[in-house]
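Now for the letters of each chain:
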Amino acid sequence: MSGLPYSDEYEVHRTMPEEGTDKQRILAMMSDLSSRENHVWESGQCSGTMYCGDHDHYDFLNEAFAHFSYVNTLQRDMCPSATKFEAEIIAMTLDMLGANSLTGTNPGGLVTSGGSGSIAHAVLAYRESAAPSTSRPNMIKPETAHPAFAKAGHLFGVDMKIAPVDPVTTQVDLDWVRANIDSNTVALIGSATNYGYGTIDPIGELGAIALEHEVGLHVDGCLGGFILPFGRELGYPIAPFDFSVPGVTTISADTHKYGYALKGTSVLAFADQSLRNAQYFYLTDWSGGKYCSPGIDGSRSGGLLAATWAAMVHLGRSGYRRYAEAIFATSAQMQTAVRSHPSLRMMGQPSFLFSFTSDEFDVYLVNDFLRTRGWRLNGQQYPNAIHMAVTRPQTQPGVVERWTTDLAEAVAFALAHRDEAPKSGAIYGGVAGGMTAEADEFIKAVMADMMDQQAAIPAP
Ligand SMILES: *Cc1c(COP(=O)(O)O)cnc(C)c1O
């Protein structure tokens, strides 16, 4: 039990307590744990994950959430407000993503539980709308596109053909895509931006290929969907990636990332509702009654819709633009620090998220040093690289300066220790020769440990 977090400070519950615990005691514990955990990222030294970082904003969202937290959005006769919130979230997102430039289609959307949820619903929709002659559908996934596509393909029986990317630009190899479309291909995939490098696939070219071959094109804007439109308005060199690009049929955009809403929401936007309507689920002859749900989830909390709506309407376009301005400017300054070191190499043309490697040493040596200074970056492999997704916490005064100083010392450390194996490389870096049976067992053990092993009931 010793490994269970906080077991040395707070009582461990392996059975439900017979008598209930006082509310104040529970809330005092929650407050203690959350404020200690908040300290980890409030410094602005953690990549991604905390997109807004503003406690006043979180308090406001929590209040909006509280009004509907217990409401089940499946029972719309009892909560027509859920339809107002959901419809308007979808409409505002479609508008932001250029749906007004579509002609002859009827755009629509779904609010899902997150990026993986939006991607899963898109994969399902493409499968369900495949031509009857399709034996086993496939999609073409740039290697850099998110694992959620592979997960959805695994769940729904859609093969992912993995397209290589250019090692310098990190963008998908268009010739490969063109050459590998077959009669079972239902859709192509492009990212704006991808998670690893913060780079954007050539969506215009992918759209042209999709139109030529009469297949769909999903743009994964889970990360970029709510910030790139404002980056473009601010004049950053971002090629069109939304519904203004002919051929784009679906876009995922996460409200729970740069949409600054609570965790547990994302929007899947469709150029035409017919594709969305293809993936509804209903069982009309069930003895329990007629059942229908718009997506994979059954009951959903009305609170998440209310809080997401509240975030969008409260911030407004000017709020999102102001936040984007600070994030892009901070990212550019942090990138300048990286580029000032000849031993570091930026991966492709980054945006608000940047990733770098080194041709002179294992870049995880840089990560090892940065960790000692409280930085938490995300690790990549093939090649080993580390990334920083710039969010609002990094835009606080002093963070860029700390980054510049600490990075310089980290590079000096890496150059001095270039013959040594980095400590953090074992966790994040590439396994030489790819996955092994031992690595497979190790990963399973780590996941079990994360969820319940630490509190497992001892054998009687
Ligand atoms: C985060 C992310 C996803 C997956 O989203 P979840 O919300 O973690 O399920 C998919 N694509 C990209 C580019 C992402 O950044």
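All values reported here derive from a predicted model rather than from experimental measurement. (Residues numbered from 1 in each chain as written. Predicted model: local features only at pLDDT ≥ 70, side-chain atom pairs only at ≥ 80, totals over all residues. Heavy atoms only, no water.)

Asks: Could you clarify how one ought to interpret the sheet that holds strand β13 (residues 385-389) in this entry?
Replies: Two modes of strand pairing occur in sheets, parallel and antiparallel, and in both the strands are linked by backbone hydrogen bonds. Read across the open sheet, the 4 strands follow the order β10-β11-β13-β12; overall the sheet is antiparallel. Two strands close off the open sheet at either side, each with one partner strand: β10 (345-346) and β12 (378-380). Here strand β11 (residues 353-357) runs beside β13; their pairing, made up of 4 bridges, is antiparallel. Considered in β13, the bridge of L353 is made with A389. Relative to the sheet, helix α10 (residues 302-339) contacts β10, β11 and β13, its axis offset from that of β11 by approximately 10°. Sitting on the sheet, helix α11 (residues 364-372) is in contact with β11, β12 and β13, with an inclination near 50° to β13. (Pairing = 2+ DSSP bridges. Helix = DSSP H or I, 4+ residues; strand = E, 2+ residues; numbered from the N terminus. Contact = heavy atoms within 4.5 Å. Axes fitted to C-alpha atoms, helices over the stretch in contact; angles between N-to-C directions.)

Asks: Mind showing me how you'd approach the site of the ligand here?
Replies: Among the 13 residues in the neighbourhood of the ligand, the closest are listed as G115, S116, D220, H256 and K257. Within the side chain of S116, a nitrogen or oxygen atom sits 2.6 Å from an oxygen atom of the ligand. Within the side chain of D254, one N or O atom sits 3.5 Å away from an oxygen atom of the ligand. Surface burial for the ligand is 85%, taken as the share of its 380 Å² of free accessible area covered by protein chains. Looking at which element gives the most residues to the shell around the ligand, the answer is helix α4 (residues 115-128), with 3 residues. Looking at the shell around the ligand residue by residue, the classes come out as 4 nonpolar, 6 polar and 3 charged. (Near = heavy atom within 4 Å. Polar contact = N/O pair within 3.5 Å; in protein donor to acceptor, adjacent residues only side chain to side chain. Areas by Shrake-Rupley, 256 points an atom, 1.4 Å probe, with all protein chains shown as cover. Nonpolar A, V, L, I, M, F, W, Y, C, P; charged D, E, K, R; others polar.)

Asks: Would you mind showing me how to read the sheet that holds strand β6 (residues 250-253) here?
Replies: Read across the open sheet, the 7 strands follow the order β1-β7-β6-β5-β4-β2-β3; overall the sheet is mixed. Unpaired on one side and paired on the other, β1 (108-112) and β3 (159-163) mark the two borders of the sheet. Each strand of the sheet is rotated relative to its neighbour by a mean of 20°, with strand direction disregarded. Judged from the 4 bridges that link them, β6 and strand β7 (residues 266-270) form a sheet pairing that is antiparallel. Residue T250 lies in a different strand from β7, and its bridge partner there is F270.

Asks: How should I be thinking about the packing of helix α3 (residues 80-96) against α10 in this particular structure?
Replies: When two helices pack together, their arrangement is captured by the angle between the axes and the distance separating the axes. It is the contact of α3 with α10, at a shortest axis distance of 9 Å, that shows an interaxial angle of 45°. Considering the angle they form, α3 stands oblique to α10. Considering how the two elements wind past one another, α3 and α10 form a crossing that is left-handed. Here A82, K84, F85, E86, E88, I89, M92, T93, D95 and M96 of α3 lie close against α10, whose contacting residues are L305, A306, T308, W309, M312, V313 and R317. Here the contact of α3 with α10 is composed, by residue class, of 10 nonpolar, 2 polar and 5 charged. (Parallel < 35°, antiparallel > 145°, perpendicular 65-115°, else oblique. Left-handed = near helix turned anticlockwise from the far one by under 90°.)

Asks: Help me understand the domain arrangement of the chain in this model?
Replies: When the parts of a complex come together, some accessible area is lost, and that lost area is often taken as the interface size. Split into domains, the chain comes out as domain 1 (81-311) and domain 2 (317-428). Computed from C-alpha coordinates alone, the two centres of domain 1 and domain 2 are separated by 29 Å. Counting from both sides, the interface comprises 28 residues of domain 1 and, opposite them, 27 residues of domain 2. In total, domain 1 and domain 2 occlude about 2,200 Å² of area from one another, counting both sides; carbon and sulfur atoms represent 63% of this. Looking at the side of domain 1 facing domain 2, the largest losses of area belong to Y197, F230 and Y260, adding up to 27% of the total buried there. On inspection of domain 1 and its partner domain 2, the count reaches 2 salt bridges. R317 is paired through a salt bridge with E233; the nearest N and O atoms lie 2.1 Å apart. Viewed at the interface, domain 2 and domain 1 are joined by 10 residue pairs in polar contact (both at pLDDT 80 or more). Secondary structure elements with two or more residues in the side of domain 1 that touches domain 2: α3 and α8 (228-233). In terms of residue count, the dominant contributor to the side of domain 1 that touches domain 2 is α8 (4 residues). Of the residues that constitute the side of domain 1 that touches domain 2, the class distribution is 17 nonpolar, 9 polar and 2 charged. (Domains from an automatic or database assignment. Buried area = accessible area lost by both parts, 1.4 Å probe. Salt bridge = Lys/Arg side-chain N within 4 Å of Asp/Glu carboxyl O.)

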